[in-house]
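# Notes for the structure review
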Amino acid sequence: MVKFHPKGEERPVEAERRIRANDPQFNTNFSYANNYIKTSKYTVVTFLPLNLFEQFQRLANFYFLCLLVLQMIPVITSLTPYTTAVPLMLVLALTAVKDAYDDYQRHVSDSQVNNRKSLVLRNLRNNWILKEERWYKVQVGDVIRMENDQFVAADVLLLSTSEPNGLCYIETAELDGETNLKCRQCLVETADMGQDPNKLGSFNGVIVCEPPNNHLNKFDGYLEWNGKRYPLDNDKVLLRGCILRNTQWCYGVVLFAGRDTKLMQNSGKTKFKRTSIDRLLNFIILGIVFFLLSMCLFCTIACGVWEIMIGQFFQWFLPWDYLVPKEPIEGAVIISLLVFFSYAIILNTVVPISLYVSVEVIRLLQSFLINWDLKMYHEASNTPAKARTTTLNEELGQIEYIFSDKTGTLTQNIMTFNKCSITAKSYGEVIDPRTGEVIEAIETLTPVDFSGNPHYEQKFRFYDQSLYDAVKNGDPDVHLFFRHLALCHTVISEDRTGKLEYQAQSPDENALVSAARNFEFVFKERAPDSITITVLGKEEVYDLLCILDFNNVRKRMSVVVQREGKIMLLCKGADSIIFERLRSDSEDLKTKTQEHLNKYAGEGLRTLVLAVKELTPEYFEDWKSRHHEAACSLTNRDEKLDAIYEEIERDMTLLGATAIEDKLQDGVPATIANLLLADIKVWVLTGDKQETAINIGYSCQLLTDDLNDIFIVDSSSFEDVKTQLLKYLDALQKGSCASVDNQRPGDVNMVTFTDTEGYHPGDDSEGNGGYAVVMNGHSLVHALHPQLEQLFLELASNCRAVICCRVTPLQKALVVELVKNYKRAVTLAIGDGANDVSMIKTAHIGVGISGQEGLQAVLASDYSIAQFRYLERLLLVHGRWSYYRMSKFLRYFFYKNFAFTLTHFWYAFFCGFSAQTVFDPMFISVYNLFYTSLPVLSIGVFDQDCNDENCIRYPKLYTPGHLNLLFNKKEFLKSALHGFITSCVLFIVPYGTYNHAISADGQGLSDHMLFGSVVSTILVVVVTAQVALDTSYWTVFNHITVWGSLLFYFILHYIYNFAIRGRYLGSLTKGLQEASFWFTLVLTVMILIIPVLAWRFYFHDVHPTLSDRVRLKQRVSSVKTRQAHDRAFRTPSARRSRRSLRSSYAFAHQEGFGPLITSGKIMRKAKSNNNHTAGSTVASLVSSVTSFGTSPPVPPSLSRSPRITMVTPQEGTSSSNSMSVRL
């Protein structure tokens, strides 16, 4: 059913969607969107009118357009129209070129996507054939064919596949950032159509489903076909942006196309982003306009008074215009009203249109500097950093909150088998035979040679030869360990061109099976009821009796296998879960394994514990019957199955533990440490489970052992979440008070050159104490409720680190929006997948990682980088420089324009407020364009107070941007006051010199043109001297622009007046010939510059900023060796963090392939169990298990570890009831 809008709106609002396959005529009745994607704004025809319309919607452009119209009225203007027309046309042209370029890029991107090719089923003369069509021609209801490794063109309902039981595998990196494969299965009824064009063409089922939405993991609908109704869910749908993997072909009917697809729905609307400086500028410009109107009103009243009292008596010499009445009062009123508009024209340069031109040019050039920075170029992927917008550069220098994804952003999403513990013996570390100590730089050693294994992987690296020797020597414990890894999983194997490849639900599982493979315990293939492996080249086939699959509650998985009459339960899971289910006589072995786990977790590895149990056939048959009964139950099925699983997974024997490294991207810990030192809060928003997120938090130094406490919010109800938040907030406040009491005032920090008096432990960015909060997605639902959101924000914003796990893309955006609305802070979101797009678009700045997980995040971002580590340079160097340069540019720009414009105001007192200008109209036109624009542009593009190395070495240099210290209303008023005083001195000193002045030969010097030329020349010299003082970093361009502009003034003045015969011909030449001019020039410059020098010297010497100190150190270090400097000022981010054990496990993010494997649906064929080869019997495996636990007990590590506090919902508000667990 479709509900239409009232007449006049094209697009209907859908309550539900009804589609008939292969029936275009039926589907066109509902006006469904086609598959054409359009993100561009203009066409060749509409560009000029539409772009001009948009530009004149900007208040500044419209303001100058009105001024241009006023200047065309001769009776009220003393300036020619080109003084406004030339800069206005330049602004419009530059903006139009920029908009045209941006839209051209969007056209190119749209064209690439729309012109991809797809095979569509078409009816040609009653014969159904596959026709190659471009994506934009695909319509809702079309049946399309997709082939292996191809993108899915639209959201489709799966009809048939090349795989048995209608299965297919997809990669959803473009959608959710996950690179592991996901399984989809079509209806059995439609799977029989196969790839027969006639059967597929005659398919006329009607699909009724939900309207377009952005829920990636939800789909509701049903199929009506042949008089029957079949339910449809998300497992039967392929979404646009997915890639077909390990499936030769599949067919599907298009449900949603183009902008209706879930991919596009998740992209959201592009929000117009403005920097805080832009918003401040709008306020300042509005204030300047009121100031301008106030001056015009003053001059209007003063003109009326002057005309009544004086002007009416001098009409013989100063006749009134013919439009003005002859009566004194009426004439004076009319003249004063006309003068109001005249002064509005003359004084309009106080709101200079060139400001907007200069800002756009500076931002564009700053973007080029980001694009050209070789230190942010990733050579391995040939990916440079790219500024995808040119309007937000200075905002990079004011970031207070960073919201980061985890998978693919902080990590490489590549798991590697690093260490293991087998029957109380740890493997993976290499001992130096000379010192007896562990070699830290293990990568410098020669890895174990696995080349004798025909199935080994060249990328696999392991450095402890003793483990491989144990395999070769037939150690029964080691053999059982690797058999466990090769059998206990839900991995699917595939033979591609003679090479064995694995597809797993989780990269963790893939890493474990891969490790067993390289140690010659190779998982070969599986059938619904068997698993085949090879052990040292000999094939072993195990009967697969049952899979007890993983879920978030169990935190473990098990398989029951049988070989040669022996039945074994193999279990792996989180340490806290497995240890509770071990035999009572395993304490010694458990203690030693716990010590190993503690060590592994301290190195940031993801740990997993393995256990085994022998089952008697009688017990297993009894258990299996009860399991079948529970599985068939219609009520409380999950609870009954959990109880059955709990029964069999008891009294197990501990086998060992694995340690997997989720490889961080290079430089992540150092980057986060430096960002925290810069007072930037880092929040990790991830879809991963809690333990994984915490582990990565420790690995990347977001969480450290220095933390006083880690608050875990994991309740499922509103009241329970509220109780936890209140509890933790109370604990935080009490802890902060205690920490402040213990902090020694006056300590000097060698990283920041600051004392410790304003210390806030809850938000300590230097690693000394502080707190962290970890929140689950189901708790976040309640925490974002209007009644709790401020409570959550207060807790989170006072913590040093925040990790939100199991969050949806929408929740990511809501968290960012919460901080934006209440903290009024500048936010940055960084991610690499389509699930990060909403967050990236919501934040003030969006950064996309151009990694392995698609380009959706990059396409939606404002800046793109190849690695997370480049964010440090993007913010601390380019961001800080951009903010510093823009602030200095604006301060100087307002100063020079107030000095220039207000000179007319002072002259008004001496010309009867007649709107006469001091300067030549030509000078007024080009003052901001030629005489003073290039020096200040050089500041805006090249200036720097500290070099890039010191910007990173001293992150506290970044903090002024948080408080807008470099440009704010106060700084603007200082610049305006400086310009006000400068204009006054510029007018008064030359006026005193040239009033009634005569030359040495008796010629008069007090004419208007000579006075105007002198004042304009001194003005250019003074503002050039000022910009020279303001320049902190001199380059060749600065020298050329500063001194070249001064020289260009004289050249252009003489060219205009002598070659073009300007009205001020010879006036400046006459002034330069007189000694009084040079005396006036030197005197004016000294009066204006010396106080500035004295003021700056005083503050640099008595009240130096951190920037001043670093600049001094920078000068000193240029002549001294840097070795002593590095030893004295090394940041603590290089310190290696050691931490204690946390519960960790390495499974898929969702339930595995267990049900599909045991049902046989996921299998291509079932392998006969009659050809079992000889090998080790299960009895021998069991005997090896029973020999465990002979090592003496070793006490656990007593190293300091952070306290993880968990509040149960039943607890009150008393802090004494909290449960503190040291893990």
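Residues numbered from 1 in each chain as written. Predicted model: local features only at pLDDT ≥ 70, side-chain atom pairs only at ≥ 80, totals over all residues. Heavy atoms only, no water.

### Considerations on the overall build of the protein chain
The condition that has to hold: A run of DSSP states H or I qualifies as a helix once it reaches four residues; a run of E qualifies as a strand once it reaches two. Both are numbered from the N-terminal end. Exposed residues in this analysis have more than 50% of their type's maximum accessible area, buried residues have under 20%, and partly exposed residues fall in between, with area computed by a 1.4 Å probe over protein chains only. Here, residues are in contact when the closest pair of their heavy atoms is within 4.5 Å. Calculation of accessible area relied on Shrake-Rupley with a 1.4 Å probe; when residues are assessed, cover is drawn exclusively from the protein chains displayed.
Secondary structure assignment for the protein chain yields 39 helices and 37 strands. Here the protein chain holds 1223 residues, and 57% of them are scored as buried. Pairs at least 24 apart in sequence give 74% of the contacts found in the protein chain among residues at least 6 apart. Total accessible area computed for the protein chain in this model is approximately 52500 Å², and 58% of it derives from carbon and sulfur atoms.

### Quick word on the environment of Phe-967
Summarising the element assignment, Phe-967 is placed in the loop between α30 (948-953) and α31 (969-994). Sequence separation between Phe-967 and Leu-890 is 77 residues, and the spatial gap between their C-alpha atoms is 7.8 Å. In this structure Phe-967 touches Leu-280, Ile-284, Tyr-883, Ser-887, Leu-890, Arg-891, Phe-894 and Phe-972, once residues within four positions along its chain are discounted.

### Side note on the pairing of strand β34 (residues 845-849)
To keep it simple, the criterion reads: Any two strands with at least two DSSP bridges between them are considered paired. The crossover handedness rule: strands pointing away from the viewer, path from first strand over the helix to second strand clockwise, crossover right-handed.
Among the five residues that make up β34, five are buried, leaving the element largely enclosed by the rest of the structure. Here β34 shows a buried face lined by Ile-845, Val-847 and Ile-849 and a second buried face lined by Gly-846 and Gly-848. In terms of strand pairing, strand β33 (residues 826-831) meets β34 through four bridges, oriented parallel. Paired with Ala-829 across the two strands is Gly-846, which belongs to β34. In this view, the connection linking β33 to its parallel neighbour β34 by way of helix α25 (residues 837-842) has right-handed handedness. For β34 and strand β35 (residues 863-865), the ladder comprises three bridges, and the chain directions are parallel. Looking across to β35, one finds that Gly-848 is bridged to Ser-864.

### Quick word on the pairing of strand β18 (residues 411-422)
Burial analysis of β18 places nine of its twelve residues in the buried class, which makes it a mostly covered element. Of the strand pairs in this sheet, β18 and strand β28 (residues 653-664) are connected by eight bridges, and their pairing is antiparallel. Of the residues in β28, the one forming a bridge with Ser-421 is Ala-657. Relative to strand β19 (residues 425-427), β18 runs antiparallel, the two being bridged by three bridges. When the sheet's bridge partners are listed, Ser-421 is paired in β19 with Ser-426. If you look at the hairpin formed by β18 and β19, you'll find two residues sitting between the two strands, and Thr-423 has a positive phi there, around 45°.

### What about the sheet that holds strand β12 (residues 228-232)?
The criterion, for reference: Inter-axis angles, ranging from 0 to 180 degrees, are taken between N-to-C directions of lines fitted to C-alpha atoms, where helices are fitted over the stretch in contact.
Spatially, the four strands line up as an open sheet ordered β3-β10-β11-β12, and their pairing is antiparallel. The open sheet has two edge strands, β3 (17-20) and β12, and neither has a second partner. Averaged over all adjacent pairs, the angle separating strand axes in this sheet is 20°, with direction ignored. Looking at chain direction, β3 and strand β10 (residues 206-209) are connected through four bridges and run antiparallel. In the strand pairing of β10, Ile-19 is matched with Ile-207.

### Overview of the nonpolar core
What counts, and what does not: Take the buried Ala, Val, Leu, Ile, Met, Phe, Trp, Tyr and Cys residues and link them wherever side-chain atoms come within 4.5 Å; each set so joined is a nonpolar core.
In terms of nonpolar packing, the biggest core is built from 98 residues, with Tyr-343, Leu-890 and Phe-894 touching the most fellow members. Here this core gets 16 residues from one element, more than from any other, and that element is helix α27 (residues 870-908). Excluding residues within four positions of it along the chain, Tyr-343 makes contact with Leu-292, Cys-296, Cys-299, Ala-908, Cys-911, Phe-913, Ser-914 and Ala-915.

### A short note on the packing of α27 against helix α28 (residues 921-931)
Inclusion rule: Note on angle classes: values under 35 degrees are labelled roughly parallel, values over 145 roughly antiparallel, values of 65 to 115 roughly perpendicular, and the remainder oblique. Amino acids outside the nonpolar list (Ala, Val, Leu, Ile, Met, Phe, Trp, Tyr, Cys, Pro) and the charged list (Asp, Glu, Lys, Arg) are all regarded as polar, and Gly is one of them.
Between α27 and α28, the least distance of the axes is 11 Å, while the angle of their chain directions is 170°. When the interaxial angle is binned, α27 and α28 end up roughly antiparallel. Where α27 approaches α28, its residues Phe-893, Lys-896, Asn-897, Phe-900 and His-904 are matched on the opposing element by Phe-923, Ile-924, Tyr-927 and Asn-928. Residues that form the contact of α27 with α28 fall into these classes: five nonpolar, three polar and one charged.

### Some points on the state of the cysteines
The line we're drawing: Here, a disulfide means two cysteine sulfur atoms that sit within 2.5 Å of each other.
Summed over all chains, the structure comprises zero disulfides. Looking at Cys-299, it has no disulfide partner, and the nearest cysteine sulfur is the one in Cys-296, 6.7 Å off. What makes Cys-299 buried here is its relative accessible area of 0%. Left without a disulfide partner, Cys-805 is nearest to the cysteine sulfur of Cys-804, which lies 7.5 Å away.

### Some details on helix α10 (residues 328-346)
Note the following rule: The span one expects for a helix is its residue count, reduced by one, times 1.5 Å.
In a regular helix each residue adds 1.5 Å, so 19 residues correspond to 27 Å; α10 covers 26 Å between its end C-alpha atoms and thus fits that length. Those residues of α10 lying buried are Gly-331, Ala-332, Ile-335, Ser-336, Val-339, Ser-342, Tyr-343, Ala-344, Ile-345 and Ile-346.

### Here's the deal with the confidence of the model for the protein chain
Reading fine detail from the predicted coordinates is not recommended where pLDDT is low. Selection rule: One number per residue, pLDDT, summarises how confident the predictor is, and it ranges from 0 to 100.
With 84% of its residues at a pLDDT of 70 or more, the protein chain shows a mean pLDDT of 82. This model gives residues 1-10 a pLDDT under 50, and the stretch forms eleven contacts once residues within four places in sequence are excluded. pLDDT under 50 marks residues 738-767. Its contacts with residues more than four places away, or in other chains, come to 69 contacts.

### Describing the sheet that holds strand β24 (residues 538-548)
Reading across from one edge, β19-β18-β28-β27-β26-β25-β24-β23-β22 is the order of the nine strands in this open sheet, with antiparallel pairing throughout. At either margin of the open sheet sits one strand with a lone partner, and together these are β19 and β22 (521-527). Adjacent strand axes in the sheet meet at a mean angle of 30° when their direction is disregarded. The pairing of β24 with strand β25 (residues 556-563) spans five bridges and is classified as antiparallel. Bridging across to β25, Asp-543 finds its partner in Gln-562. Sheet contacts for helix α17 (residues 617-631): β24, β25, β26 (566-573) and β27 (606-615); angle to β24, the most-contacted strand, approximately 45°.

### Focus on the packing of α31 against helix α35 (residues 1075-1102)
Here is the rule: Each crossing gets its hand from how the near helix is turned against the far one by less than a right angle, where anticlockwise is left-handed and clockwise is right-handed.
Where α31 contacts α35, the axes come no closer than 10 Å and their chain directions differ by 155°. Judged by the angle between their axes, α31 and α35 are roughly antiparallel. Taken as a pair, α31 and α35 cross one another with a handedness that is right-handed. Together, His-978, Ile-981, Thr-982, Val-985, Leu-986, Val-989, Pro-990, Thr-993 and Tyr-994 of α31 and Ser-1076, Phe-1077, Thr-1080, Leu-1083, Thr-1084, Ile-1087, Leu-1088 and Val-1092 of α35 make up the contact between the two elements. Its residues assigned to classes, the contact of α31 with α35 comprises eleven nonpolar, six polar and no charged.

### Thoughts on a nonpolar patch on the surface
To keep things clear, this is the line we draw: Like charges are joined within 9 Å and nonpolar side chains (Val, Leu, Ile, Met, Phe, Trp, Tyr) within 5 Å, but only among residues with over 30% relative accessible area and no salt bridge; these make up the patches. Within this document, salt bridges are pairs made up of a side-chain nitrogen of Lys or Arg and a carboxyl oxygen of Asp or Glu, the two lying within 4 Å of each other.
Judged by side-chain polarity, Leu-297, Ile-301, Val-305, Ile-308, Met-309, Ile-310, Phe-313, Phe-314, Ile-329, Val-333, Ile-334 and Leu-337 come together as a nonpolar surface patch covering roughly 1100 Å² of accessible area. With five residues, helix α9 (residues 276-309) is the single largest residue contributor to the nonpolar patch. Inspection of the secondary structure puts Ile-329 in helix α10. By relative accessible area, which is 52% here, Ile-329 ends up exposed.

### Topic: the pattern of salt bridges
Evaluated as defined, the whole model comprises 47 salt bridges. The closest approach of N and O atoms between Lys-1070 and Glu-1074, which form a salt bridge, is 3.9 Å. Like Lys-1070, the residue Glu-1074 is buried in the burial classification.

### Digging into unusual backbone geometry
With phi around 55°, Asn-226 is a residue other than glycine that occupies positive phi space. Residue Asn-226 is classed as exposed on the basis of its relative accessible area, which comes to 61%. Its identity as a non-glycine residue notwithstanding, His-996 has a phi of 60°, on the positive side. Topologically, His-996 is positioned in the loop between α31 and α32 (1008-1030).

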